[in-house]
Amino acid sequence: MIGAVAALLAAAVLLGCSAGPVLDRPWRSAGPGAVAACWAAALAGTAVACAGVVAVALLAPPAPGHGLVEWLRDCLPHHRHGAVAAAAAASLALAAACAARLRRGLPRLGRAVRHRRRHREMLRLVAREHGRHPDVLVLDHPVPVAYSLPARERSIVVSTGAQRALTADELGAVLAHERAHLRRRHHALLLMLDLVHAVLPWSPTVRRAKARLPLLLELAADEAAVRAWGSQALAGALRRLAAAPGAAHALGAAGPGEGGLAERLLRLEAGVPDRPRRAARAAAWAFAAGAVVLPPAAAAVAILKLSAPC
Amino acid sequence: MAGLGGSLERSIMEALWAAPGPLRVRELLDGLNEKAAKPLAYNTVQTVTERLAQKGMLRRTPDGQAFRYSPTQAREEYAARLMLDALTDAPDHGAILARFAESVPAEDARHLLDALRRRAAGGGPGA
C-alpha cells in the first residue's frame, strides 16, 4: 500500500518534472518517431499519475472519500472528529481545484472538436474531390496550402495554389507526409497535448512537450515522406509551401526560416537521416511503455488497497 | 443515406451559388433535375434545403405561401474562411488540423487573403 502510493508520487514527480528536460535533449539516434512516442507516453503518464495522486488523496483514511467507502462496507471507523473535519475540508479544496482545472481544459477540447467539425462541413460543400487520389480534396484558392484533418474519407486538403506550385514528386512527398500524420494519429496526440497543457500547465515536462512535440511529429512524418519520395522532393515542397510564399510577397514579411521549418530543412539538407540506432530505439520504446503502464498500475494498486475493508 | 444527403447538400449549394437570385424549392428542384439522371422528389429537396437553412448556410425569405432561399455567404467567403483556418492556429483552442508547412499569424493571413480577394474581384483598382 505505502509502496504503491510512493511509486505513484515518484511517477508524478519523475514524469511531470524530470522527464521533460531529459527528453528535450537532441536524441537524434533514436529517430523522431520513437522520441515523439516517449513524449506522448510521458504526457499520458504524468496525467494518469496526477489523477492517481488526487484519487488517493481523496480516498486516504480520514478523508470523506474513504469514510464513504467504509460506510458502504458497514465498518464505520474510529477516526477522531477533528481529523475527519480537516480531511473533509482538504478533500473539498482538492476536488474544487481539480474541477477548476478540468473546467479550463475540457471546454477547450470541445471547442477544438466543434471547430474541426465545422471546418469539415464547410469543406464538404466547397472543396472538390481530387481526380487521382481517393483521399484528397482540392480547395480552390491561389495561396499554396496543404493540410490534413481526420475524417472518414478524404482527410487531406490541397489548395489549387499548391497544386500549381508543386512538381509531381513534391506533391507526392506532401501527400506521403500528411498520410503519415493520419496513419499515426498525430492529430489525436496534438489534441491530447493541448488538453494536458490546459490542465497541468505547471509541469516542466508538459511545458517542454508543448514546445517540442509538434516539431517532432513533423520530423517523423517527414521521415516517412523521405523514405517514399527522397529528401529533395520533400525539401522542395517545404520551400514552396513555407509559410505561404504568397504571404511573404504580399506582406514583405520575414521569409521562412523561423523555428521548426529551418530545423526540418536543415535535417533534410544534411542528407538522409542516419538510421536510428537499435539500442537507442529500444531504450526509447521501453521508456515509453514504462511511462504508459506503470502509473496506472500503481494507481490501481493504491486505490484498491485503500478501498479494501479495514 | 448519409453520403447521398451530403452530395445533395452540395448540389443545392452549388445551384444556389450559381443562381442569379434567391430561388424557390420548386425552381431549385427543376434546376437540379435538369442534370440528374434520376429525378429528385420535391420533399427530399425541401428537407435538405431546410436543413441547410437551419445550419445557417442558407437565408430564407418569405415569398407568398413559400420561401425563397439564397446562400448566406458567397462560395469565395467559405473558401477564405477555410484558408484562414488552414493558415493559422486558433488561439483559444488547439490545432484542429496538421498543416504541411508552418502557420502564419492570424492577422497576417487575414491581410493576405483580403489582398488576394481585392485583386481577384477588382482586376482594376486594387491590382
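Conventions we followed
- Residues numbered from 1 in each chain as written.
- Chains lettered and ligands numbered in written order.
- Predicted model: local features only at pLDDT ≥ 70, side-chain atom pairs only at ≥ 80, totals over all residues.
- Heavy atoms only, no water.
- UniProt positions renumbered as here; feature names shortened; annotations may be inferred.
- Helix = DSSP H or I, 4+ residues; strand = E, 2+ residues; numbered from the N terminus.
- Contact = heavy atoms within 4.5 Å.
- Patch = residues over 30% accessible without salt bridge, like charges linked within 9 Å, V, L, I, M, F, W, Y side chains within 5 Å.
- Areas by Shrake-Rupley, 256 points an atom, 1.4 Å probe, with all protein chains shown as cover.
- Salt bridge = Lys/Arg side-chain N within 4 Å of Asp/Glu carboxyl O.
- Lys, Arg positive; Asp, Glu negative; His and termini not counted.
- Charge placed at Lys NZ, Arg CZ, Asp CG, Glu CD.
- Buried < 20%, exposed > 50% of the residue type's maximum accessible area, 1.4 Å probe, protein only.
- Pairing = 2+ DSSP bridges.
- Axes fitted to C-alpha atoms, helices over the stretch in contact; angles between N-to-C directions.
- Buried area = accessible area lost by both parts, 1.4 Å probe.
- Polar contact = N/O pair within 3.5 Å; in protein donor to acceptor, adjacent residues only side chain to side chain.
- Nonpolar A, V, L, I, M, F, W, Y, C, P; charged D, E, K, R; others polar.

Chain B is annotated in an unreviewed UniProt entry as Transcriptional regulator BlaI from Actinomadura macrotermitis. If you open the UniProt record of chain B and go to Sequence similarities (unreviewed entry), you find "Belongs to the BlaI transcriptional regulatory family."

Per an unreviewed UniProt entry, the recorded name for chain A is Protease HtpX, and the organism is Actinomadura macrotermitis.

Attention shifts here to the environment of B:A80. All names here are of chain B. Counting through the fold element by element, A80 comes out in helix 4 (residues 75–87). Each C-alpha atom of the pair A80 and A101 lies 18 Å from the other, and the pair is 21 residues apart in sequence. When residues no more than four places from it in sequence are discounted, the contact partners of A80 are L113 and R117.

For the rest of this paragraph, the subject is a positive patch on the surface. On the surface, A:R114, A:R117, A:R118 and B:R81 cluster together to form a positively charged patch. For the positive patch, the element with the most residues is helix 4 (residues 81–126) of chain A, which contributes 3 residues. In this structure, B:R81 sits in helix 4. On the accessibility criterion, B:R81 (37% relative accessible area) is partly exposed.

Quick look at the sheet that holds strand 3 (residues 66–71) of chain B now. All names here are of chain B. In spatial order, the strands read 1-3-2; together these 3 strands make up an open sheet with antiparallel pairing. The two strands at the open ends of the sheet, each matched to only one other strand, are strand 1 (23–24) and strand 2 (58–63). The pairing of strand 2 with strand 3 spans 6 bridges and is antiparallel. Following the sheet pairing, R60 is matched in strand 3 by Y69. Against the sheet, helix 3 (residues 42–54) touches strand 2 and strand 3, its axis set at about 115° to strand 2.

This paragraph deals with the interface of chain A and chain B. On the chain B side, the residues contacting the 48 residues of chain A number 36 residues. Taken together, the two surfaces of chain A and chain B that pack against each other cover about 3600 Å², and 68% of this comes from carbon and sulfur. Considering only the side of chain A, the residues that lose the most area to chain B are A:M122, A:L125 and A:V126, jointly responsible for 19% of the buried surface there. Seen at the junction of chain A and chain B, the total is 2 salt bridges. Across the salt bridge formed by A:E121 and B:K55, the nearest N and O atoms sit 2.7 Å from each other. Applying the counting criterion to the chain A and chain B interface returns 12 residue pairs in polar contact (both at pLDDT 80 or more). Of all the secondary-structure elements, those providing two or more residues to the side of chain A that touches chain B are helix 4, strand 3 (146–148), helix 6 (168–183), helix 7 (186–199), helix 8 (204–241), helix 9 (245–251) and helix 10 (260–269) of chain A. Considering each element in turn, the side of chain A that touches chain B owes the most residues, 12 residues, to helix 4 of chain A. In terms of residue class, the side of chain A that touches chain B is built from 26 nonpolar, 10 polar and 12 charged. With 2 bridges connecting them, strand 3 of chain A and strand 4 (residues 98–99) of chain B associate as antiparallel partners. Its bridge partner lying in strand 4 of chain B, A:Y147 is registered against B:R99.

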